[in-house]
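Residues per chain are reported as follows:
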Amino acid sequence: MELKFNARKVAELETKFGKTIEEIIQDTRMETYAYIVSKTIVNDSEEKPIGCSLEVAYDKIDEYLQTKENGTQELTLLIIDGLVATGFLNQAMKNTRAMVEAQIEKVKATMK
């Protein structure tokens, strides 16, 4: 799944949730994930290259989670990476990715 952020999309997210983008990414409710995906997913369609309905977003998340080993943590990292890549989050957020990945590895190690 590819997500594309721009100023308009970030502003829509901040308006919807009444929070800054930094606060929004800390909200791990499925409703939040679905809304972010619905506004930022990259489609193959030329007619609507970015975005989808909430229903389609939930379906895309289901597909993504079925193919990703780390579940919602990886989805959170995908969102963070997209925001960092487009300049909406500080490059220091890459450290957050490393910390989350380390935590995931610890959990995996205890499950073996």
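All values reported here derive from a predicted model rather than from experimental measurement.

1. Describing the overall build of the protein chain
Thought 1: Scanning the protein chain from N- to C-terminus turns up six helices and zero strands.
Thought 2: If you list the helices and strands of the protein chain from N to C, you get α-α-α-α-α-α.
Thought 3: A compact globule built from 112 residues would reach a C-alpha radius of gyration of about 13 Å, and the protein chain, at 14 Å, matches this within 12%.
Thought 4: When the backbone C-alpha atoms are referred to their principal axes, the protein chain occupies close to 45 × 30 × 25 Å.
Thought 5: Burial status across the protein chain gives 37% buried among its 112 residues.
Thought 6: Counted over contacts in the protein chain with a minimum sequence separation of 6, partners at least 24 positions apart contribute 52%.
Thought 7: Per element, the accessible surface of the protein chain, about 7,000 Å² overall, is 50% carbon and sulfur.

2. Examining the packing of aromatic side chains
Thought 1: If you walk through the whole model with that rule in mind, you get one aromatic pair.
Thought 2: Between the aromatic rings of Phe17 and Tyr35, the centroid separation amounts to 5.7 Å while the plane-to-plane angle is 85°, which identifies the pairing as edge-to-face. Separated by 18 residues along the polypeptide, Phe17 in helix α1 (residues 7-17) and Tyr35 in helix α3 (residues 30-40) bring together distant segments of the chain.
Thought 3: For Phe17, a relative accessible area of 14% puts it in the buried group.
Thought 4: Here Tyr35 falls in the buried class, since its relative accessible area comes to 16%.
Thought 5: When the ring centre of Phe17 is taken as origin, the NZ or CZ atom of Lys16, which lies over that ring, is 5.9 Å away.
Thought 6: Lying over the aromatic face of Tyr35, Lys16 brings its terminal NZ or CZ to 5.2 Å of the ring centre.

3. Thoughts on the packing of α3 against helix α4 (residues 54-67)
For any two helices packed against each other, one specifies the crossing angle of their axes together with the interaxial distance.
Thought 1: Where α3 meets α4, the axes come as close as 8 Å, and the angle between the chain directions of the two elements is 105°. Considering the angle they form, α3 stands roughly perpendicular to α4. Within the contact between the two elements, α3 uses Met30, Glu31, Tyr33, Ala34, Tyr35, Val37 and Ser38 and α4 uses Leu54, Ala57, Tyr58, Ile61 and Leu65.
Thought 2: Residue composition of the contact of α3 with α4, grouped by class: ten nonpolar, one polar and one charged.

What counts, and where the lines are drawn
Here, residues in each chain are numbered from 1, in the same order as that chain's written sequence. The predicted nature of this model means local features are confined to residues of pLDDT at least 70 and side-chain atom pairs, given and counted, to a pLDDT of 80 or more, with totals for whole chains, interfaces and linings taken over all residues. To get the side-chain values, all heavy atoms of the structure are used, and hydrogens and water are removed first. The helix count covers DSSP runs of H or I at least four residues long, the strand count covers runs of E at least two residues long, and both are numbered beginning at the N terminus. Throughout, radius of gyration means the C-alpha value; the globule benchmark is 2.2 Å times the number of residues raised to the power 0.38. Buried residues are those whose accessible area, probed at 1.4 Å on protein chains only, stays under 20% of the maximum for their type, while exposed residues exceed 50% and partly exposed ones sit between those limits. We call two residues in contact whenever any of their non-hydrogen atoms come within 4.5 Å of each other. The method behind every accessible area is Shrake-Rupley, applied with a 1.4 Å probe, and residues are considered shielded solely by the protein chains displayed. Working definition: a ring pair exists when centres of Phe, Tyr or Trp rings (six-membered ring for Trp) sit within 6.5 Å. Plane angles under 30 degrees give stacked, over 60 give edge-to-face, the rest tilted. Consider the ring centre and the ring normal. A charge sits over the ring if Lys NZ or Arg CZ is within 6 Å of that centre and within 35 degrees of that normal. Whenever a helix is involved, its axis is fitted only over the stretch in contact; in every case the axis is a line through C-alpha atoms, and angles between N-to-C directions fall within 0 to 180 degrees. Oblique is the label for any angle not covered by the other classes, which are roughly parallel (under 35 degrees), roughly antiparallel (over 145) and roughly perpendicular (65 to 115). Classes in brief: Ala, Val, Leu, Ile, Met, Phe, Trp, Tyr, Cys and Pro nonpolar; Asp, Glu, Lys and Arg charged; the others, Gly included, polar.

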